[in-house]
Amino acid sequence: MTTSLESIPTLPTLRQAIDTKALNGAQGSNRERQLDCQITANDDREAIAAWLTLFVDSPKTHRQYAREAQRLLMWAVLLKQKALSSLTVEDIATYDVFLRNPPADWCMQDYSAKTLRGSEHWRPCRGPLSATSCQLAFSAISSLMQYLVDVRYLQFNPVPLVRRQSRTSDTHEVLQQKRRERYLTSQQWQYYIDALSVLPDNTQHALSTKARLRLAIELMFYLSLRVGDLAGKSWSSLQRIEQRWWFATVGKGKKAALLPVSNALLDTIQQVRRQFLLPPLPVEDDDSPIIPALRGKGALQVRQLSKILKDHAQFTIEHFALTGFDKEKLTQFSSHWIRHIAGSRHRQHNIPIDIRRQLMRHDKTETTMIYDHLDDSELWEHVEQLSLTDE
């Protein structure tokens, strides 16, 4: 992975601007003394590259953070005419305004070319950022700045000192946000699960396909897995320790974890293994794939597993002839939504937040709470319990 910083053809080239000492950060006004710096970085680009090495084992995070660092650097150099290492609290506040309303020539018009960063269509923005996207952007640049403070490249982190704008939402935006939420209502999830029972199973191939899908859904739900936690894995991941079964995984950030396997999930595992003509429970060195490939040997990989989970959402729409909001949400469905649904079910079943955090493998409780989605029906149920008096 690289941190390439190509120019925008219709704007001054970034490299021309950043090659000047005033803008490359070698003499930034927020710089610590070079002798005290704990990384080998002479300018801002090299400092950003050092920070990004922290995320090489998490490709998605690496891409997101590289994008945000690139956008901030381009904004600082091309619009503010400042080095990133010279940005002040006031500058960061101005950047917040920029993200919410970027100039038209900084926004892409042709989304089909968004990945072609050397093309004339590419721009750093796709349009004004939503409140959620702004929050993610600021989280990334605060992480960058704090890292540079910790390694003594910068003197201080200006990001947390900014009192950022609150974004007022009109009714339309609230509805749009609900449509974008990565979550199915209880009824929509029930449709998705019920559709499993009507899948064809009149041949051995169809029966195996159905069992494979059911097992993938239940493993991801009961264990709150990301698709990458399951794709490509063998049955040796299932381990028996002191009469209990656990699922061993190494997830995001290379964090190892043992996840408890419930009796309900264990029942499904045994049923599916029998359908795959395997013993009901795996032995310690069982290297056969948990989710076998559709053809040939080996295990389903991330893209294939994601596809069969999403294809089942389309099958659900067609089988139940869904329309309106139900169709819209299931059309948007992706494999990661199962993790969000599982996190919300934890809350609905009153599992304590510290246990939920462990099950979701989060470092911070605040991250776990992002997975708390409320059904509209829950809101109604609680409101119906209110009365004007105690009678």
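Residues numbered from 1 in each chain as written. Predicted model: local features only at pLDDT ≥ 70, side-chain atom pairs only at ≥ 80, totals over all residues. Heavy atoms only, no water.

Caption draft 1: Looking closely at the overall build of the protein chain. If you tally the helices and strands in the protein chain, you get 17 helices and three strands. A sequence separation of at least 24 residues applies to 64% of the contacts in the protein chain between residues at least 6 apart. Surface accessibility of the protein chain: about 21,600 Å² in total, with carbon and sulfur atoms responsible for 52%. (Helix = DSSP H or I, 4+ residues; strand = E, 2+ residues; numbered from the N terminus. Contact = heavy atoms within 4.5 Å. Areas by Shrake-Rupley, 256 points an atom, 1.4 Å probe, with all protein chains shown as cover.)

Caption draft 2: Representation of the sheet that holds strand β2 (residues 244-250) in the model. Pairing is antiparallel across the open sheet formed by three strands, whose spatial order is β1-β2-β3. Of all strands in the sheet, those bounded by a partner on one side alone are β1 (238-241) and β3 (256-260). Direction aside, the axes of adjacent strands within the sheet are offset by 40 degrees on average. In this sheet, β3 lies alongside β2 in antiparallel orientation, the contact comprising five bridges. (Pairing = 2+ DSSP bridges. Axes fitted to C-alpha atoms, helices over the stretch in contact; angles between N-to-C directions.)

Caption draft 3: Examining the side chain of D44 more closely. Looking at the secondary structure, you find D44 in helix α3 (residues 44-52). Notably, D44 is buried but unbridged: the nearest opposite-charge side chain belongs to R31, and the N-O separation is 5.2 Å. Excluding residues that lie within four positions of it along the chain, D44 makes contacts with N24, G25, L73, A83, L84, S85 and Y153. (Buried < 20%, exposed > 50% of the residue type's maximum accessible area, 1.4 Å probe, protein only. Lys, Arg positive; Asp, Glu negative; His and termini not counted. Salt bridge = Lys/Arg side-chain N within 4 Å of Asp/Glu carboxyl O.)

Caption draft 4: Structural context of helix α9 (residues 204-222). Across its 19 residues, α9 extends 27 Å between first and last C-alpha, which sits within 8% of the 27 Å expected from 1.5 Å per residue. Backbone geometry just downstream of α9 places S224 in the positive-phi region, at approximately 55 degrees. (Expected span 1.5 Å × (residues − 1).)

Caption draft 5: Region of interest: the state of the cysteines. A full pass over the atoms with the stated rule returns zero disulfides. Here C125 stays free of any disulfide, with the sulfur of C107 as its closest cysteine sulfur at 5.2 Å. (Disulfide = S-S within 2.5 Å.)

Caption draft 6: Summary view of the environment of F98. Its place among the elements puts F98 in helix α5 (residues 89-100). F98 sits 23 residues away from W75 along the chain, and the two C-alpha atoms are 8.9 Å apart. Among residues more than four places away in sequence, those in contact with F98 are W75, L79, P103, W106 and C125.

Caption draft 7: Representation of helix α14 (residues 337-348) within the structure. Between its first and last C-alpha, α14 extends 16 Å over twelve residues, near the 16 Å set by a 1.5 Å rise per residue. Taken together, the buried positions of α14 are occupied by W337, I338, R339, H340, I341, A342, G343, S344, H346 and R347. Backbone geometry just after α14 places N350 at a positive phi near 60 degrees.

Caption draft 8: How the structure looks around the side chain of R339. Structurally, the position occupied by R339 is in helix α14. For the buried residue R339, which engages in no salt bridge, the nearest side chain bearing the opposite charge is D229, 5.2 Å off. Side chain to side chain, R339 and H362 meet in a polar contact 3.2 Å long. Ignoring any residue separated from it by four or fewer positions in sequence, one finds R339 in contact with S224, L225, R226, M360, R361, H362 and Y371. (Polar contact = N/O pair within 3.5 Å; in protein donor to acceptor, adjacent residues only side chain to side chain.)

Caption draft 9: Structural view of the packing of α9 against helix α11 (residues 263-275). Direction vectors running N to C along α9 and α11 enclose 160 degrees, while the axes themselves pass 10 Å from each other. Relative to α11, the element α9 is oriented roughly antiparallel. Two packed elements cross with a definite hand, and for α9 against α11 that hand is left-handed. Between α9, through Q204, L207, A211, R214, L215, E218, L219 and Y222, and α11, the contact on the second element is made entirely by A264, L265, T268, I269, Q271, V272 and Q275. Taken together, the residues of the contact of α9 with α11 break down into nine nonpolar, four polar and two charged. (Parallel < 35°, antiparallel > 145°, perpendicular 65-115°, else oblique. Left-handed = near helix turned anticlockwise from the far one by under 90°. Nonpolar A, V, L, I, M, F, W, Y, C, P; charged D, E, K, R; others polar.)

Caption draft 10: Quick look at the pairing of β3. Burial along β3 is one-sided: the residues A257 and L259 are buried and none of A256, L258 and P260 is. Once β2 ends, the chain turns through five residues before running back antiparallel as β3, passing G253 with a positive phi of about 75 degrees.

Caption draft 11: Looking closely at the pattern of salt bridges. If you walk through the whole model with that rule in mind, you get twelve salt bridges. Measuring nitrogen to oxygen at the nearest pair gives 3.6 Å for the salt bridge that ties D91 to K80. Taken together, the positions of D91 in helix α5 and K80 in the loop between α4 (59-79) and α5 put the pair eleven residues apart, joining distant regions of the chain. A residue is classified by how much of its surface remains accessible, and K80, at 31% relative accessible area, is partly exposed.

Caption draft 12: Geometry of the packing of α3 against α4. Two elements in contact, α3 and α4, have axes separated by 10 Å at closest approach and are oriented at 165 degrees. By the criterion of interaxial angle, the relationship of α3 to α4 is roughly antiparallel. Where α3 crosses over α4, the two elements pack in a sense that is right-handed. Counted together, D44, R45, I48, W51 and L52 of α3 and H62, Y65, A66, A69 and L73 of α4 form the full contact between these two elements.

Caption draft 13: The arrangement of the pairing of β1 in detail. As paired elements, β1 and β2 share four bridges and run antiparallel to each other. Bridge assignment links R240 to a residue of β2, and that residue is W245. In this antiparallel pair of consecutive strands, β1 and β2, the connection spans two residues, and E242 shows a positive phi of 50 degrees.

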